Amino acid sequence: MTTADPWRALTAELDLWAATGQTATFWWRDDDAVAASPGLDRLLMIAAENETPICLAVVPAMQEPSLVSAVEQSGADVSIAVHGWRHLNHAAANEKKSEFPPSRASAAAVDEAAQGLSSIRDAFGPRGLDVFVPPWNRISTPVTSGLTAAGYQGLSAYKARLSAAPAPGLRQVNTHADIVDWHNGKKFAGTDTVLGQVTSHLAARRDKSMDRDEPTGLLTHHLVHQDDAFDFIAQFLRLTARHSAAEWSDPRLFFALS
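A few points on the structure. All of these numbers come straight from a predicted model, not from anything done at the bench.

1. So, the packing of aromatic side chains
Right, so step 1: This model, assessed by the stated rule, comprises nine aromatic pairs.
Right, so step 2: Here the aromatic rings of Phe236 and Trp248 are separated by 5.7 Å at their centres, their planes lie at 85 degrees, and the arrangement is edge-to-face. Here Phe236, found in helix α7 (residues 227–242), pairs with Trp248, found in strand β11 (residues 246–248); they are twelve residues apart in sequence, far enough to count as distant.
Right, so step 3: Given a relative accessible area of 1%, Phe236 falls into the buried group.
Right, so step 4: Through pairs of rings, three or more aromatic residues link up here, namely Trp7, Phe26, Phe188, Phe232, Phe236 and Trp248.
Right, so step 5: Sitting over the face of the ring of Trp17, Arg212 holds its NZ or CZ atom 5.5 Å from the ring centroid.

Following this line, the structure appears as structure tokens:
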């Protein structure tokens, strides 16, 4: 969606939610966290200033102690999901990038997922969520089916979910607006593009052509963001925070975690 004023289009969509007495729920996931960095500090400062919960998807085998310190000292409402194991591509030549592709033995992949959860729990304690975020947002069906046995209660990828329960005991909550243009130098995708994704998903939820109960998810990657991306995030959080029909919530709520 491209409009002369994408902010006005978003506000108009939220007004439609308000007119029917509905609340447009949002959540925020940031991928690839491994260590403290200026980008992470800036991201967490934006989250804290706007009192918006943020879920960091952390790569377990690569995480450094500095990440724990940065999270604890940020003052932000931060939860931690498990972002694969090493964020390595195990895909075959005819497959898209994935750490957990169909061609990989599922037993080994599920074992790594279990190790990742244990590592996150040990490092972050109660901040850690039993939620798996597959690198490149791709995961095979056999590995998905094995996540509950590995200790998981949630799965998060990208684009509207096909099912809220992709496997017994597993709840899926995805993200829907990626602010990075991965095919153009990892630059900010642009306000028109990102707000178009957000507004389109909200409209589809409102008219029930997509799952209304799946919150609209913002996806960020602090390691590659420049000033324009950070500025957009702050402006987006401020606008939605001011609207009576918009609500940012702790991901524990959406994944039905205690």
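2. Remarks on the packing of helix α1 (residues 6–19) against α7
Right, so step 1: Orientation of α1 relative to α7, taken along the N-to-C sense of each, is 30 degrees, at an axis distance of 11 Å. On the basis of their axis angle, the class for α1 and α7 is roughly parallel. Here α1 and α7 pass one another in a crossing that is right-handed. Residues Trp7, Leu10, Thr11 and Leu14 of α1 pack against Phe232, Gln235, Phe236, Leu239 and Thr240 of α7.
Right, so step 2: Classifying every residue of the contact of α1 with α7 by side-chain character gives six nonpolar, three polar and no charged.

3. Points about the packing of helix α2 (residues 38–49) against α7
Right, so step 1: Relative orientation of the contacting elements α2 and α7 amounts to 15 degrees, with a least axis distance of 10 Å. Looking at the two axes, α2 sits roughly parallel to α7. For the pair α2 and α7, the crossing hand works out as right-handed. Seen from α2, the contacting residues are Gly39, Arg42, Leu43 and Ile46; seen from α7, they are Asp227, Phe230, Asp231, Ile233, Ala234 and Leu237.

4. Thoughts on the pattern of salt bridges
Right, so step 1: Under the definition given, this model contains ten salt bridges.
Right, so step 2: The shortest N-O distance in the salt bridge between Asp130 and Arg121 comes to 3.1 Å.
Right, so step 3: In this structure, Arg161 and Asp211 form a salt bridge, with 2.7 Å as the shortest nitrogen-oxygen distance. Remark: Asp211 occurs in the loop between α6 (191–206) and β10 (216–220) and Arg161 occurs in the loop between β5 (154–155) and β6 (171–172); sequence separation between them is 50 residues.
Right, so step 4: A single salt-bridge network, built from bridges that share partners, covers Arg42, Asp227 and Asp231.

Parameters at a glance
- Residues numbered from 1 in each chain as written.
- Predicted model: local features only at pLDDT ≥ 70, side-chain atom pairs only at ≥ 80, totals over all residues.
- Heavy atoms only, no water.
- Phe/Tyr/Trp six-rings, centres within 6.5 Å; stacked < 30°, edge-to-face > 60°.
- Helix = DSSP H or I, 4+ residues; strand = E, 2+ residues; numbered from the N terminus.
- Buried < 20%, exposed > 50% of the residue type's maximum accessible area, 1.4 Å probe, protein only.
- Lys NZ or Arg CZ within 6 Å of the ring centre and 35° of its normal.
- Axes fitted to C-alpha atoms, helices over the stretch in contact; angles between N-to-C directions.
- Parallel < 35°, antiparallel > 145°, perpendicular 65-115°, else oblique.
- Left-handed = near helix turned anticlockwise from the far one by under 90°.
- Contact = heavy atoms within 4.5 Å.
- Nonpolar A, V, L, I, M, F, W, Y, C, P; charged D, E, K, R; others polar.
- Salt bridge = Lys/Arg side-chain N within 4 Å of Asp/Glu carboxyl O.

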